[in-house]
Structures are given as C-alpha cells and as structure tokens.
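Close look at the chain arrangement
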Amino acid sequence: MSAVAAMIDVAMIVVDGLDVRFGEGAAAVHAVRDARFTVAPGEAFGIVGESGSGKSTVLRALTGLNPDWTGRVAIAGMAQVAHRPREFYKQVQMVFQDPYGSLHPRHTVDRILSEPIAIHGLDKADSRIERVLVDVGLGPDFRFRYPHQLSGGQRQRVAIARALVLEPRILLLDEPTSALDVSVQAEILNLLGRLRREHDLTYMLVTHNLAVVAHMCDRLAVMNQGRIVEEMTVAQLRAGAPREAYTRQLLRASIGYDRQAAEALKTFD
Amino acid sequence: MASETNRIDGEGLRAWLLAETPRSRAQSRLGQAYVRWLHFLRNPLAMVGLVIVLALVVVAALAPWLADQSPYAQDLARRLQAPSPAHWFGTDELGRDIYSRLVHGASITLMIVGLVVIIVGPVGLMVGTVAGYLGGWFDTVLMRVTDVFLAFPRLILALAFVAALGPGIENAIIAIAITAWPPYARIARAETLTIRNSDFISAIRLQGAGPLRIILGHVIPLCMSSLIIRITLDMAGIILTAAGLGFLGLGAQPPMPEWGAMISSGRKFLLDQWWVATIPGIAIFVVSLGFNLLGDGLRDVLDPKGK
C-alpha cells in the first residue's frame, strides 16, 4: 500500500502552513497554527484531538466553508483558494457529525439526493439515486421518506449517500459516528470501510475517539490547541508508543474513566 | 353494498396516505399534508376559524344568488327600516338592503385580504431571507429600509399613501401592502439567521449550490410556516385597517358595499337606527375572529418548535 502511494507522487491532499484565525484584535482566536500534512490517494487519514483543538476547523478550511485561512492547500493536485468552483465539490464531499442537523427537515430523501444531481447537471437521476441508496444499505423503500421518519443510523446513511451521489474521490468525515449509539456506530464504520474499498475513496476523518481512528485509518495526526503535535501510523498507536506526552495522556483518557488518570490530566500548551 | 365499497376505498386511501414507505413524491407529500390535517382536526377552535373563513369564501362566491336584492338599489320611501322578514338586517339611509350589501361586501373584504397577502408575503419573504442569508451590506441596507417603514404608525402611513395616491379601494390595498410588509421581513430574517448556520445549509453549500437555490429551496420553506401563521393572525388587522380607511372615506368609495364604509355611513344614525352600523361591525368582528382562530390553529400544526 505505502509502496503504491509512494509511486504516485501527486498526493490527494496537501496542507502546508495552514493558519486559521477568527475575530480581530484582542478577541482574536488562533484556531489552527501552521498545520501541515499530506494524504495519499486511497489513504484514510485521521485527525484526533479534544474539543476545541481545531480539528474540525481544518476540515472546514479544506471544504471552503470557512474562507478565512492562510497557507497552502492543494487537493487532487490543484492549489485551492478561498472560493471553490462548482467542480471542486464533485471531487470532495463531507459527512457531518449530527445526522439530526445535517438533513433538511422538510425535504424527502429523494429531494436530498436529487439536488446535487440537479446542481451539477448529471443525467440518469433515478438510477443514480437508486444505486446510491442500495450502496449505503437502505434500498428504494426509503426514497420518499422524510428525515423524521428515519432513525439516527438511517439518517447518517442518507447523509453518506448524499456525499457519494456525486461520486467524489475524497470524503471528509467530521465525527461521523459520535452522535449515534454504540451498535449503530459499528454499522456506520463498517459501511464507511466497505465504501472506501469499493469506490477507491480517500478519507480524512476527524474525531476525538481513538478507537474509531484505529479502526478506520492508516495514519493519524494528533492536534492540541490548534497545533499538530504528532503524526504517526495506526500501528504505532496500537503499539502504544506515542512520542509526545500529550498523545500518551489522550490515549490514557480514551481507555476509560480512571481516577488516577483524571487527576494526572495536564494542560499542554 | 355501495357504502361497504366506499368504506373500504376510504380505508385504502387512508392507508395509502399514511404508508410508511411511500412509492412516489406525490404520495409522500400528500401523506405529510394528511398528517397535518389530522392534527388540525383535533383543535375545535381552529375548526371554527376555518369554517368562518370558508363561509366567507362561499358567501363571496355565491353573493348574486344569496342576496335577493341589488346592493345598490335605492328606495328612499323605505329608508332606515328596522330588521324585518323583508329586510333581514334592515335598510340604510338610502333604503338599500343591508343584508344584500353585506353579502356583496364579503368579496371586497376577501379581495383586500387576498391582494394584500399576495403583495406582502413574497416581498417580506424575499427581503428578509436575502438580508439574513447574505448578511453584510445587503443586511444593513435592507434592514434599515425596513426600520424606516416600521418607524411610522401603520394607519398613519397608510393614510399618507392614500392621500398621495388618491382615495379608492385599489389605492387602499397598495397603501396597506406598503405598510404591512416590514414585520414579515423581520420575521423572515430572524428565521433565516437561525437556519443559515445549520449543518444542512453547509451540506447544500458543499454540494455546490449557489445562494439563489439555497434561499429559494432551503431557507424559504422553513420560514414559510411562521410567516403563514403571522399573516393569518394579521388578516384581522388588515381587514380592520381597510375598514378604517373606508370609515375615513379614503378606502372604498360610495356606493361600494365595503364594510368599513358601511359603518361610517351608519355612524350618524347609531343611536336611533343601531343596525345600520352594527351589522357590518359584527361582520368585521366575526371574520377577524375567524382568521385569528385559524392562525392559532395553523401555529399548532405548522410550527416545528411547538411539537
């Protein structure tokens, strides 16, 4: 895998010196500081960190939802500016954290899935919608339902189907399972794994859950206070050999609640 | 036998409407509407409102058949007669049958309300959603214009516009519409501000949709329910403003049987011939109440936050 990735010298995502600031003057927040990483085609790359570490902000800068960033971002070999052309969204799609908030409450599944097809002027809308619904394990029965007639897991499948309907090469996943209950989480993770193999997708996953990263990803970056403190492979994570003290603390916290661990928690600046 | 098949057909339709897995766009949309209708049926006061409004529509549509006399036919020998079998609601100062004038006035009231809503709804909705969604300069300019209109008392501003445009029912409608849109723009903007940062708007932006598609297809459907509720509740106010303009002689002109103008002409005889002013007053009251009850019922059905 890594040998193949090395042969293709065009990385799928290149981020270099990415800075994101919100606000001005004394109230300014430096949300992301000098982030740099590359993601190879077909790779699954994770960013982990606690709430407010800036991991979702990186994702929003990559999608163009947040235009206030500086640095260099290249996706599929194309340098990106703040405003993205329509074509960009055929390459890159995103799945949001909360499936209760990411589907329009007054639109049927059919409308949700046919909208991207209409925007990009693609043909054969019916067969595309039916295919993608089968792909995410829902089937045609769900096509004309409203989101409030679906469970959380079904909603997230619809959100994944919406991301896939344009047949993108990159899928950005913003905590795709954290709003779901545990048994459904496993289903969605397995679905995402299968879709990645079948459609040859590149994943970038943002989460606070190290187990999810270990399950889904090949490599990961650890973020704290807007900085990437460490980058490593999942094998290194599994071996329990992080270099940085912050990563070790995160790893310990992720195992479960432990009074000793909780008392030993430190802030790393 | 026939009733048996009808009942089965009725149940089949009901099952089709409430199907868990609709087979087509039309079915899921109709099913949704049916669920709302069932919810609406459970509110007796709202049903009273709906019946009053529907009755107004029916009376307006069937006015030539419901009224046995011309609303304009004068009979000075029989002026200011008390209610009797010949004239159910009596006659006015020119001997015209008040019942017939009332029935013919229903369509005028309906026209005023309908035209004002057709002008005000889309204008308020577009100004509010565009200002709220685009923000920045659009927001500042559009909202300051709205503020200017809100700064005047509504009836006074309507009076000024009618005075400038000249008295008449069409100008009264235009004047009411000009003064009535700002609150709707405010509501639409407030709704848009809560919607614009939600994930489903981010999601459609990530699909490559432009502002026009997002505002028309995604923001406006969510603003519609609060706007419909507000408009229905405001209809009483619109009717009263129109009646007020008619009363002041700036709205409908004689001999038009507009209810406000009828009250105005009956004012002079209020103590001795009470029915001339009171009957159209009761009509305005009942119709306004009907719209208010309907609006309250619609709020229960349409407002997603209420559930």
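See the structure printed just above.
Now for a quick tour of the structure. Worth saying up front: this structure is predicted, and the values here are computed from it rather than measured.

Once that is clear, we can look at the nonpolar core. Ile112, Trp259 and Phe291 of chain B are the most contacted members of the largest nonpolar core, which has 71 residues in total. Of all the elements in the fold, those that place two or more residues in this core are helix H3 (44-61), helix H5 (98-134), helix H7 (154-165), helix H8 (169-196), helix H9 (199-206), helix H10 (211-247), helix H11 (259-266) and helix H12 (275-302) of chain B. No other element matches H10 of chain B, which puts 15 residues into this core. In this structure Trp259 of chain B touches Leu56, Arg101, Leu102, Gly105, Ala106, Thr109, Pro280, Ala283, Ile284 and Val287 of chain B, once residues within four positions along its chain are discounted. Ile160, Leu210, Ala214 and Tyr246 of chain A belong to the second-largest nonpolar core, a separate cluster that totals 50 residues.

Residue and element names in this part refer to chain A. If you trace the six strands from one edge of the open sheet to the other, you get E6-E7-E8-E3-E9-E10, paired in mixed fashion. For this open sheet the edge positions go to strand E6 (92-95) and strand E10 (227-233), each flanked by a neighbour on one side alone. Here the average twist between neighbouring strands, direction ignored, is 20°. Inspection of the sheet shows strand E3 (residues 44-48) paired to strand E9 (residues 219-224) by four bridges, in the parallel sense. Bridge assignment links Ile47 to a residue of E9, and that residue is Ala221.

This part is about helix H6 (residues 136-150) of chain B. Residue and element names in this part refer to chain B. The end-to-end C-alpha separation of H6 is 21 Å, in line with the 21 Å expected for 15 residues at 1.5 Å each. Taken residue by residue, H6 has Asp139, Met143 and Thr146 as its buried positions. Viewed along the axis of H6, the buried residues span an arc of 55°, placing them on a single side of the element. For H6, the elements touching its buried residues are H5 and H8.

Attention now goes to the sheet that holds strand E5 (residues 78-79) of chain A. All names here are of chain A. Here we have four strands laid out as an open sheet, ordered E2-E1-E4-E5, and antiparallel in their pairing. Every interior strand has two partners, whereas the edge strands, strand E2 (29-39) and E5, have only one. Looking at chain direction, strand E4 (residues 69-75) and E5 are connected through two bridges and run antiparallel. Note on E5: the bridge partner recorded for Ala74 is Ala79.

Rules and cut-offs
- Residues numbered from 1 in each chain as written.
- Chains lettered and ligands numbered in written order.
- Predicted model: local features only at pLDDT ≥ 70, side-chain atom pairs only at ≥ 80, totals over all residues.
- Heavy atoms only, no water.
- Core = buried A, V, L, I, M, F, W, Y, C linked by side-chain atoms within 4.5 Å.
- Buried < 20%, exposed > 50% of the residue type's maximum accessible area, 1.4 Å probe, protein only.
- Helix = DSSP H or I, 4+ residues; strand = E, 2+ residues; numbered from the N terminus.
- Contact = heavy atoms within 4.5 Å.
- Pairing = 2+ DSSP bridges.
- Axes fitted to C-alpha atoms, helices over the stretch in contact; angles between N-to-C directions.
- Expected span 1.5 Å × (residues − 1).
- Arc of directions from axis to C-beta.

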